[in-house]
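Next come the chains, spelled out residue by residue.
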There are 6 protein chains.
Amino acid sequence: MSRPRITVINPNSNQVVTDGLAAALRPLMFADGPEIVCETLQEGPFGIESQKDADSVTLPLRRFVEGDNASSAFVIACYSDPGLHVCREATTRPVLGIAECGVLTALTRADSFGVIAIAQRSIRRHIRYLRQMGLMDRLAAERPLDMTVAETASGEGTLAKMIAVGRALKDEDGASAIVMGCAGMARHRKNLEDALGIPVIDPTQAAVTMALGAVAFAG
Amino acid sequence: MSRPRITVINPNSNQVVTDGLAAALRPLMFADGPEIVCETLQEGPFGIESQKDADSVTLPLRRFVEGDNASSAFVIACYSDPGLHVCREATTRPVLGIAECGVLTALTRADSFGVIAIAQRSIRRHIRYLRQMGLMDRLAAERPLDMTVAETASGEGTLAKMIAVGRALKDEDGASAIVMGCAGMARHRKNLEDALGIPVIDPTQAAVTMALGAVAFAG
Amino acid sequence: MSRPRITVINPNSNQVVTDGLAAALRPLMFADGPEIVCETLQEGPFGIESQKDADSVTLPLRRFVEGDNASSAFVIACYSDPGLHVCREATTRPVLGIAECGVLTALTRADSFGVIAIAQRSIRRHIRYLRQMGLMDRLAAERPLDMTVAETASGEGTLAKMIAVGRALKDEDGASAIVMGCAGMARHRKNLEDALGIPVIDPTQAAVTMALGAVAFAG
Amino acid sequence: MSRPRITVINPNSNQVVTDGLAAALRPLMFADGPEIVCETLQEGPFGIESQKDADSVTLPLRRFVEGDNASSAFVIACYSDPGLHVCREATTRPVLGIAECGVLTALTRADSFGVIAIAQRSIRRHIRYLRQMGLMDRLAAERPLDMTVAETASGEGTLAKMIAVGRALKDEDGASAIVMGCAGMARHRKNLEDALGIPVIDPTQAAVTMALGAVAFAG
Amino acid sequence: MSRPRITVINPNSNQVVTDGLAAALRPLMFADGPEIVCETLQEGPFGIESQKDADSVTLPLRRFVEGDNASSAFVIACYSDPGLHVCREATTRPVLGIAECGVLTALTRADSFGVIAIAQRSIRRHIRYLRQMGLMDRLAAERPLDMTVAETASGEGTLAKMIAVGRALKDEDGASAIVMGCAGMARHRKNLEDALGIPVIDPTQAAVTMALGAVAFAG
Amino acid sequence: MSRPRITVINPNSNQVVTDGLAAALRPLMFADGPEIVCETLQEGPFGIESQKDADSVTLPLRRFVEGDNASSAFVIACYSDPGLHVCREATTRPVLGIAECGVLTALTRADSFGVIAIAQRSIRRHIRYLRQMGLMDRLAAERPLDMTVAETASGEGTLAKMIAVGRALKDEDGASAIVMGCAGMARHRKNLEDALGIPVIDPTQAAVTMALGAVAFAG
């Protein structure tokens, strides 16, 4: 009997990001557990930084899901959760978004959470989405790194900046857990958590964990 | 290197319930994954059906957690999440409650959820707790089976009753996912889901899944 | 000096609907007021009845807006407000959605409002959107006609069905105003209002009114 | 056939304010559109700056409405919306308040809005009213000019002060649209909008626009 | 040294109601406690059943408060809390409303409360007021007796009707305490409580209790 | 006929605190009113400063209530309201918490309230509890004294510190009433109120007032 598969879709076309996801998810790849596969959405833009970028991948994501009969669950690995509802409409298999799962997981670790966004202009979109999910009551604040996705991916100073923003969320806004508001920050999770002394959630790890549960207990 | 351990604590002293938990969690026990151990709280009452029952286990649960240095995470397996905050105060290791994780997991599968409670009088406690968590916005309704914990554990008619209550939650209240509001209902999950045609969440499975993620990605 | 133009975009490709919009908006076409033009989105599906339909028009709507330098404001005439945010990202000119404007206008006429949806399955999408807008507090209920867009557009029994659903919203749910949850119901507004004895809002008329204000006072 | 009439009632007895309203509304006075008439409530105080001032005009406003059979709709032009409910009780014709319409119109232009109040002590009354309307979720903040109504009407420094307060609302509180919290600020709207780079809503213009829609589509 | 005085103002001009208030408050009239005096607002209408009735007493109530230098606290004894804010603006002495105090007191006795209103048309006003106070979260429902104030005051069948409505609030809506939504129902409180088996709150008694505390501890 | 008794339970074992409660409640001890008795919970810790402290008194409080047949009502005099629900489960007699009554009483005196907590780490527990009660909407902020219970009880500088924190709540957070978030601050109430110029609520006085009303009107 074959292992069930969870497919993590990176909706941008940057293979480096996809490879980073795979590396970040390795601790959940058990020999006798579900297979976890990370795929790049070929039609995606190189990065998702605007509403246009997000809206441009909704139907490609749906086609991806419809065309994939081998997977038992899907994770959309972009912190705007693009296409989540249109993909769910297409299948009864679980389709999870990393933003929703990141926030929901933070709620299990602390009374209030802060979010580190990459850019100021994403915050409005994220807040609108939190309101849509009915999950505003425990948000402490969201603050931007004010870096591009590219800079956060490569830059040396990223961790230092994340620590500074995380401290502001903790000390000034009262956050007692942090959600990293981007799919590409996973490798800083542990260092950031150690520096801040409060739980730090990588949203992709959170979502794939929940997908693994959905798949494991489906039988 | 030894595998990290997740300890699931059944706060009632009914070993049959603990054994049921272990059975329900088997699909998450991977050879190279975290060890999942189910323990019975010896000081607990035979069932937790009242606020008094719930309050009677808070300090014993804390002592359990404080006395257990071998576990990397804990799950309190009672749908009232007794002692959650007092245990969290005692350790920085993750302590998860099945009620919170059950509801949060339901939010990844549907826009609104219903809860099947065992008894009418638990509902007020559950609602108060949902309000405490700030998670009321997507609750469709909670309805009771009007059975004792013992009856639900053993009774033949339990599944039929659960299906009837689940249908009311779906058709009359508009729930599009169901949370089973008790630690002892797991073996009915699949049948209930098949009968209702919407996702059904076992809260212990949900919580242990999230514990597994917390443990797996701790490094 | 030329009159400013408001362009109302019907995101489905059914010209009959577009013509109906133009007819419904005639009372707002003043000789010395803004020009009101109704356009059909050629790339749109014949009707927008699913999330897929809605998501399929977001980028075409944006291209429409970007390609139209002659209009001072835009109205997206579909009760799911597809593409609203992606269009707003593309221009500083006002882009209004008929769902938001219909609901906001209802709030000026009554303490609580009900919505008549065409199909049951749209309701979940609408509720999610109301939550996103932070406008749930005064919703009495939303109820479906359980007809297709085509049926409501043509059918003889539509008004009778709308009156029945409107009465349930008023008498059972306590609504004191009604929003017609579709762009194609305008010709029934007056009859429905007379039958129910409470204000009935056509969302396209509401949105174009607000667009007219935005344009008139822009100078 | 005669044109329908919208009567805008200035509930204070300052004719200069009434004249200002008429000037501000000129762009909505179409030759073949509804007639827009601005009237001064003779019984009103010279300015409405306290709860007592607001409560003193409720019954005079109602008598005005009851005594006016020629108008198709009414707008109460004071940012406290005094007498709104008692007037609505007296007639089925639309009675609109500028505070509610100002806020609702802001919601069509941005995710969160700020309010510029004249005096600190009005803010508590405004917040209470926003809570009554169920519209708090998208409020960024309200800040005072700390000027009297008289000063704002006449003073040279008013615009500069409004820009400073508006910048604080935008930059510190995150507002992405501004509502001018007074009936007498209309002539600064365009300059303030240009200075801030985000939409600025004059509440009287917003309310008369919505009244115009209600009247135009009544037939 | 003289005893401090609490003045309870019946804002309608029906002396029978005022006498009923005095009788209902006797248990709180302690020999060495604050003096409790019930007064009739001479300018008031015979009953307060509409928004117009409520608005007609706001300024008379304020004049009453301003003209009374002998009282240490005031209670406005009408379930619409007319004039509450305009009276508070006039004095730093406590001015309490029976609706707010009735609801707040119910919150100390049960997780959710129901309200028995006299007439259907008051309910909308009450709900608007609950929303203004930010106290909707624990409302089970409000249901009307569908009687006039006069009928409830005199009628034989009042208690039976109250029990029927109270049972519906308890059994169908889930209320676990009841607020009597009128100043003139006090003499039925005990019988209603006995019949329903859950706490029943008379709002005037609740408000005068809170006034007594404010006065007793002022020193 | 004997006077009904209200028993105020100090859940910590510090008799000095109990004596302070009795002194603070003297103004409510009327010769012909209910007897007010303050008792020390012998099993309690010396102070309640943590979740563990709070949870350690829940069952002792219940046993106290169950063993006391002479009292007509109980007040739990600790600002965490420990054991409130488990005590209510044991009796139909009123059991009131000082935190809930303090906040509810503040809502009768101002539109928004601030809370002075003793320690930073209590604030999270208090906020969680406010959310549980559904009373967040009118909270301005909670700020800590950053003193131990012992320091506040004895220290000379306590009042000065309370005034400083109270001013921050009033001026920076917009609070228009203050709740003292501890049972042992009563003797500073008047001085703090005089210094701040806004109502200051002692929660024990508030709760015993409400208990007195419940008892007085029980007949």
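Position numbers for residues count from 1 along each chain, tracking the sequence in the order it is written. Just so you know, chain letters begin at A and ligand numbers begin at 1, following the order they were written in. Only residues with pLDDT of at least 70 get local features here, since the model is predicted, and only at 80 or more are side-chain atom pairs given and counted; chain-wide, interface and lining totals rely on the full set of residues. Heavy atoms from the whole structure form the basis of all side-chain values; hydrogens and water molecules are not counted.

Taking an unreviewed UniProt entry as the reference, chain A is identified by name as Aspartate/glutamate racemase family protein belonging to Bradyrhizobium ontarionense. UniProt, in its Sequence similarities (unreviewed entry) section for chain A, records the words "Belongs to the HyuE racemase family." UniProt positions are given in the numbering used here, feature names are shortened, and annotations may be inferred rather than shown by experiment.

## A closer look at the interface of chain D and chain E
Contact with chain D, which involves 16 residues of that partner, is made by 16 residues of chain E. Two parts placed together each lose some accessible area under a 1.4 Å probe, and the buried area is that loss summed for both. Both faces combined, the contact of chain D with chain E buries some 1,500 Å², and carbon together with sulfur accounts for 56% of it. By the criterion of area lost to chain E, the three top residues of chain D are Lys 52, Arg 128 and Gln 132 of chain D, representing 32% of everything that side buries. One speaks of a salt bridge when a side-chain nitrogen belonging to Lys or Arg is within 4 Å of a carboxyl oxygen belonging to Asp or Glu. At the junction of chain D and chain E, the tally comes to 0 salt bridges. Throughout, a residue-residue contact means that at least one pair of heavy atoms, one from each residue, lies within 4.5 Å.

## Here's the deal with the relation of the copies chain D and chain E
When the copies are superposed, the least-squares fit draws on C-alpha atoms of residues that have pLDDT of at least 70 in both. Once turned by 180° and shifted 0.0 Å along the axis, chain D lies on chain E with an RMSD of 0.0 Å. Taken together, the rotation and translation describe the operation of a two-fold axis. Relative to the rotation axis, the C-alpha of Gln 132 of chain D is the closest in chain D, positioned 1.8 Å from it. An overlap of 100% is found between the interface residues of chain D and their copies at the interface of chain E, pointing to a shared contact surface.

## A few points about the sheet that holds strand E8 (residues 200-201) of chain D
Residue and element names in this part refer to chain D. With respect to topology, 4 strands assemble into an open sheet ordered E6-E5-E7-E8, the strand pairing being parallel. At either end of the open sheet lies a strand with only one pairing partner, and these are strand E6 (139-144) and E8. The pairing criterion for strands is at least two bridges between them, as found by DSSP. Elements are defined by DSSP. Helices are runs of H or I of four residues or more, strands are runs of E of two residues or more, and each kind is numbered from the N terminus. In this structure, strand E5 (residues 113-117) lies alongside strand E7 (residues 177-180), joined through 4 bridges in parallel fashion. The residue bridging Ile 116 from the neighbouring strand is Met 180, located in E7.

## Looking at the arrangement of the chains
The smallest C-alpha distance separating chain A from chain E is 13 Å, and no contact links them. Note that chain C does not reach chain F: the shortest distance linking a C-alpha of one to a C-alpha of the other is 14 Å.

## Brief notes about the state of the cysteines
Covalent bonding between the sulfur atoms of two cysteines is what defines a disulfide. Any cysteine sulfur atom paired with another within 2.5 Å is treated as part of a disulfide. Scanning the entire structure with this criterion turns up 0 disulfides over all chains. Cysteine Cys 38 of chain B remains unbridged, with the sulfur of Cys 78 of chain B as its closest cysteine sulfur at 15 Å. Cys 101 of chain F carries a free sulfur, and the closest cysteine sulfur to it, the one in Cys 101 of chain E, is 12 Å from it.

## Looking at the domain arrangement of chain A
Residues and elements named next belong to chain A. Domain delimitation in this document rests on an assignment produced automatically or drawn from a domain database. Per the domain assignment, the segments making up chain A are domain 1 (5-97 + 205-216) and domain 2 (100-202). On a C-alpha basis, the centres of domain 1 and domain 2 stand 20 Å from each other. Across the contact, 18 residues belong to domain 1 and 22 residues belong to domain 2. Of the roughly 1,700 Å² buried between domain 1 and domain 2, counting both surfaces, carbon and sulfur atoms make up 52%. Counting the surface domain 1 buries against domain 2, the share from its top three residues, Glu 49, Tyr 79 and Gln 205, is 39%. One can count 1 salt bridge joining domain 1 with domain 2. In this structure, Glu 100 engages Arg 88 in a salt bridge whose closest nitrogen and oxygen atoms are separated by 2.6 Å. Pairs of N or O atoms within 3.5 Å make up the polar contacts considered here, provided that, within protein, one atom can donate a hydrogen while the other can accept it, and that residues adjacent in sequence are counted only when both atoms are side-chain atoms. Here domain 1 is connected to domain 2 by 11 residue pairs in polar contact (both at pLDDT 80 or more).

## Quick notes on the packing of aromatic side chains
Here a pair means two rings of Phe, Tyr or Trp (six-membered ring of Trp) with centres within 6.5 Å. Their orientation is stacked below 30 degrees between planes, edge-to-face above 60, and tilted elsewhere. The final tally for this structure, using the stated rule, is 3 aromatic pairs over all chains. Here the aromatic rings of Phe 30 of chain A and Phe 30 of chain B are separated by 5.0 Å at their centres, their planes lie at 20°, and the arrangement is stacked. Separated into two different chains, Phe 30 of chain A in the loop between helix H1 (15-25) and strand E2 (35-40) and Phe 30 of chain B in the loop between helix H1 (15-25) and strand E2 (35-40) make up a pair that spans both. Accessibility classification places Phe 30 of chain A together with Phe 30 of chain B in one group, the buried group. The buried label goes to any residue with under 20% of its type's maximum accessible area, the exposed label to any with over 50%, and the partly exposed label to all in between, with areas taken from a 1.4 Å probe on protein chains only.

## Observations regarding the interface of chain A and chain B
Contacts between chain A and chain B engage 39 residues on the former and 39 residues on the latter. One can count 0 salt bridges joining chain A with chain B. Linking chain A with chain B are 8 residue pairs in polar contact (both at pLDDT 80 or more), by the criterion used here. Elements with a minimum of two residues in the side of chain A that touches chain B: H1, strand E4 (95-97), helix H5 (98-106), helix H9 (189-196) and helix H10 (203-216) of chain A. Ranked by the residues each element gives to the side of chain A that touches chain B, the list is headed by H10 of chain A, at 7 residues. Here the residues of the side of chain A that touches chain B sort into 22 nonpolar, 9 polar and 8 charged. Think of it as three bins: nonpolar holds Ala, Val, Leu, Ile, Met, Phe, Trp, Tyr, Cys and Pro, charged holds Asp, Glu, Lys and Arg, and polar takes everything else, Gly as well.

## Details of the layout of surface pockets
Definitions used for this entry: grid spacing 1 Å over protein atoms alone; cavity, a set of points where a 1.4 Å probe fits but cannot get out; pocket, an open set with protein on both sides within 12 Å along at least 5 of 7 lines; lining residue, one with an atom within 4 Å of a point. Grid points are joined across faces, edges and corners, and a volume is the space filled by probe spheres set on the points. Estimates place the volume of the second largest pocket at around 1,300 Å³. What lines the second largest pocket is a set of 41 residues, among which Arg 109, Ala 110, Ser 176 and Pro 199 of chain A together with Arg 88 of chain B lie closest to the centre. Only H9, strand E8 (200-201) and H10 of chain A, helix H4 (84-90) and helix H10 (203-216) of chain B together with helix H6 (120-133) of chain F provide two or more residues apiece to the lining of the second largest pocket.

## Observations regarding the sheet that holds strand E7 (residues 177-180) of chain C
Residue and element names in this part refer to chain C. Strand order in the open sheet made by the 4 strands is E6-E5-E7-E8, with parallel pairing throughout. Every other strand in the sheet has two partners, leaving strand E6 (139-144) and strand E8 (200-201) as the edge strands with one partner each. For strand E5 (residues 113-117) and E6, the ladder comprises 5 bridges, and the chain directions are parallel. Considered in E6, the bridge of Ala 117 is made with Pro 144.

## Description of unusual backbone geometry
All names here are of chain C. Here Asp 81, not a glycine, exhibits a phi torsion of approximately 45°, which is positive. In this structure, Asp 81 sits in the loop between strand E3 (73-76) and helix H4 (84-90). Although it is not a glycine, Asp 146 sits at a positive phi angle of roughly 55°. Secondary-structure assignment places Asp 146 in the loop between E6 and helix H7 (149-154).

## Some points on the packing of helix H1 (residues 15-25) of chain D against helix H10 (residues 203-216) of chain D
All names here are of chain D. Direction vectors running N to C along H1 and H10 enclose 60°, while the axes themselves pass 10 Å from each other. Considering the angle they form, H1 stands oblique to H10. Regarding H1 and H10, the two cross each other, and that crossing is right-handed. Taking contact as the criterion, the partners of Leu 21, Ala 24 and Leu 25 in H1 are, on H10, Thr 204, Gln 205 and Val 208. In terms of residue class, the contact of H1 with H10 is made up of 4 nonpolar, 2 polar and no charged. Only the contacting stretch of a helix is used when fitting its axis, a line to C-alpha atoms as for every element, and angles between N-to-C directions run 0 to 180 degrees. By definition in this entry, angles of less than 35 degrees are roughly parallel, angles greater than 145 are roughly antiparallel, angles of 65 to 115 are roughly perpendicular, and the rest are oblique. Handedness of a helix crossing follows the sense of rotation of the near helix relative to the far helix, less than a right angle counterclockwise being left-handed and clockwise being right-handed.

## Digging into H10 of chain D
Here, expected helix span is obtained from the residue count minus one, scaled by 1.5 Å. With 14 residues, H10 of chain D extends 20 Å between its outermost C-alpha atoms, agreeing within 8% with the 20 Å of an ideal straight helix rising 1.5 Å per residue. In terms of burial, H10 of chain D is a largely internal element, 13 of the 14 residues being buried.

## Points about the pairing of E5 of chain D
All names here are of chain D. For E5, the tally of buried residues reaches 5 of 5 residues, placing the bulk of the element in the interior. Where burial is concerned, the two faces of E5 agree: the one with Phe 113, Val 115 and Ala 117 and the one with Gly 114 and Ile 116 are both buried. Crossover handedness is defined by viewing with both strands directed away from the observer: a clockwise path from the first strand over the helix to the second marks the crossover as right-handed. With helix H6 (residues 120-133) bridging E5 and the parallel E6, this β-α-β connection has right-handed handedness.

## Some remarks on the environment of Arg 187 of chain D
With respect to the helices and strands, Arg 187 of chain D occurs in the loop between E7 and helix H9 (189-196). Considering only alpha carbons, one finds Arg 187 of chain D and Asn 12 of chain D, 175 residues apart in sequence, at a separation of 19 Å.

## What to know about the side chain of Asp 53 of chain A
Residue and element names in this part refer to chain A. Mapped onto the fold, Asp 53 is located in helix H2 (residues 51-56). Within this scheme the basic residues Lys and Arg register as positive and the acidic residues Asp and Glu register as negative, but His and the chain ends are omitted. Summary of buried charges: Asp 53 has no salt-bridge partner, and the nearest side chain of opposite charge, Arg 121, is 5.4 Å away. Engagement of the side chain of Asp 53 in a polar contact is seen with the backbone nitrogen of Glu 49, the distance being 2.8 Å. In contact with Asp 53, other than residues within four places in its own chain, are Pro 45, Gly 47 and Ile 48.

## Structural notes on the confidence of the model for chain A
pLDDT gives the predictor's per-residue confidence on a scale running from 0 to 100. Looking at chain A, pLDDT values average 95 and 97% of them are 70 or higher. Listed scores for the predicted complex are pTM 0.96 and ipTM 0.96.

## Focus on the pattern of salt bridges
Going through the model one piece at a time under the given rule, you end up with 54 salt bridges over all chains. Linking Arg 62 of chain C and Glu 89 of chain C is a salt bridge whose minimum nitrogen-to-oxygen distance equals 2.9 Å. Placement of the pair is Arg 62 of chain C in helix H3 (residues 58-67) and Glu 89 of chain C in helix H4, with a sequence separation of 27 residues. On the accessibility criterion, Arg 62 of chain C (9% relative accessible area) is buried. A network of salt bridges, in which partner residues are shared, links Arg 62, Glu 66 and Glu 89 of chain A.

## Some words on the environment of Arg 88 of chain A
Relative to the assigned elements, Arg 88 of chain A resides in helix H4 (residues 84-90). Those residues within four positions of Arg 88 of chain A in sequence are excluded, and the remaining contacts are Val 95, Leu 96 and Glu 100 of chain A together with Thr 108 of chain B.

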